[in-house]
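A structural walkthrough
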Amino acid sequence: MEYILSVPEIVQSLPTGWTQWAGAIGGAILVGLTGVLPLWVVPEKVGGRLSGPGNDDNLKYLLAFAVGGLLGDVFLHLLPETYQHMIDAGDEAGAGTIGVSVLTGILTFLVLEKVLELSNPETNEELREKENKKIVGYLNLLANCTDNLLHGLAVGTSFLSSFRLGVTTTAAILLHEIPHEFGDFAILLKSGFDRWEAAKAQMSTALVGLMGALLALAFENNNDLETLLMYIL
């Protein structure tokens with residue numbers, strides 16, 4: 001991505017603002033639509049009312065795919081890129097800060113899950129267990145909202161730089177997001193959501209991505225925000 005940003009032909013902005021807005025909004029919507037893709041691809045019996053032993057195994061495979069996708073994203077993409085930025089900046093002492101930040105994020109969601117489970121007022125054990133099971137799905141949606149917000153900011157910022165960079169960024173996010181959405185869909189099904197509830201929840205988080213794109217477009221003349229958005233990109 002840094003190489004792309006260093007190419008003068010790409011960094012040069014287009015003279016027509018409406019093209020940037022149309023591209024950014026269209027790119028954000030396209031990325032958001034990946035949330036309903038699992039609904040069309042994953043067989044209806046998987047995680048549905050007609051689910052049986054064989055289909056439960058299929059759901060387990062989807063969950064394994066979700067775990068692999070998330071771990072791969074963390075250890076093959078996010079952490080290496082974070083450490084590379086630290087090395088490039090010459091801040092070798094920042095390794096400990098990165099580690100503490102990762103542990104803080106893990107512990108925050110773990111504590112939040114346990115607090116929500118303990119604060120559940122339901123007295124019926126069966127209903128309580130069912131409701132607590134959905135907490136994991138809601139926390140996953142919360143994390144997905146943050147992820148989609150950053151995607152929207154990246155799409156909006158890239159289209160403000162150039163249309164070609166916007167298309168490239170949108171394509172890169174799609175390649176990352178499609179397997180991610182399948183994993184999220186499997187987590188929601190395992191958490192007790194039915195297929196349509198999971199799809200609607202995915203689309204709701206996609207609106208946050210659109211909001212991120214609009215935020216980047218609305219503050220295109222704000223130098224401080226522009227610097228922040230380019231750092232995110």
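Described below are features of the structure shown in this document. (Residues numbered from 1 in each chain as written. Predicted model: local features only at pLDDT ≥ 70, side-chain atom pairs only at ≥ 80, totals over all residues. Heavy atoms only, no water.)

Take the nonpolar core next. Core analysis: the biggest nonpolar cluster contains 17 residues, and F185 and L188 have the highest contact counts within it. It is helix α8 (residues 163-190) that contributes the most residues to this core, six residues altogether. If near-sequence neighbours (up to four positions away) are discounted, F185 is found in contact with P38, L39, V42, R195, A198, A199 and Q202. (Core = buried A, V, L, I, M, F, W, Y, C linked by side-chain atoms within 4.5 Å. Buried < 20%, exposed > 50% of the residue type's maximum accessible area, 1.4 Å probe, protein only. Helix = DSSP H or I, 4+ residues; strand = E, 2+ residues; numbered from the N terminus. Contact = heavy atoms within 4.5 Å.)

Right, let's talk about the packing of aromatic side chains for a bit. Following the criterion strictly, the structure yields two aromatic pairs and no others. Here Y138 and F193 contribute two aromatic rings whose centre-to-centre distance is 5.5 Å and whose plane-to-plane angle is 75°, an arrangement assigned as edge-to-face. Here Y138 is found in helix α7 (residues 125-161), whereas its partner F193 is found in the loop between α8 and α9 (195-218), with 55 residues between them in sequence. Their ring planes at 70° and their centres at 5.4 Å tell us that F159 and F163 sit as a pair that is edge-to-face. Judged by its relative accessible area of 4%, F159 falls in the buried class. Exposure remark for F163: the relative accessible area of 35% places this residue in the partly exposed category. When the ring centre of F193 is taken as reference, the NZ or CZ atom of K134 above it lies at 4.8 Å. (Phe/Tyr/Trp six-rings, centres within 6.5 Å; stacked < 30°, edge-to-face > 60°. Lys NZ or Arg CZ within 6 Å of the ring centre and 35° of its normal.)

Another point: the side chain of H151. Relative to the assigned elements, H151 resides in helix α7. Of the residues examined, H151 reaches a relative accessible area of 10% and is grouped as buried. Apart from the residues within four sequence positions on either side, H151 is in contact with I173, H176 and E177.

Turning next to empty space enclosed by the protein. In the structure shown here, the tally under the stated rule is two cavities of 30 Å³ or more. Approximately 50 Å³ is the volume found for the largest cavity. Every residue lining the largest cavity is listed: A28, V31, G32, N148, H151, G152, V155, A206, G209 and L210. Mapped onto the lining of the largest cavity, the elements with two or more residues apiece are α3 (17-32), α7 and α9. A per-element tally of the lining of the largest cavity places α7 first, with four residues. There is about 30 Å³ of room inside the second largest cavity. Counted by class, the lining of the second largest cavity contains two nonpolar, five polar and two charged residues. (1 Å grid on protein atoms, 1.4 Å probe; cavity = no way out; pocket = protein on both sides within 12 Å on 5 of 7 lines; lining within 4 Å. Points joined across faces, edges and corners; volume = space filled by probe spheres on them. Nonpolar A, V, L, I, M, F, W, Y, C, P; charged D, E, K, R; others polar.)

A side chain of one charge can pair with a side chain of the opposite charge when the charged atoms of the two come close. This structure, assessed with the given rule, holds two salt bridges. Residue K114 is joined to E117 by a salt bridge in which the shortest nitrogen-to-oxygen separation is 3.7 Å. Of this pair, K114 and E117 both sit in helix α6 (residues 94-118), three residues apart, roughly one helical turn. Looking at K114, the relative accessible area reads 41%, which means it is partly exposed. Between E197 and K134 there is a salt bridge; the shortest N-O distance is 3.7 Å. Placement of the pair is E197 in helix α9 and K134 in helix α7, with a sequence separation of 63 residues. (Salt bridge = Lys/Arg side-chain N within 4 Å of Asp/Glu carboxyl O.)

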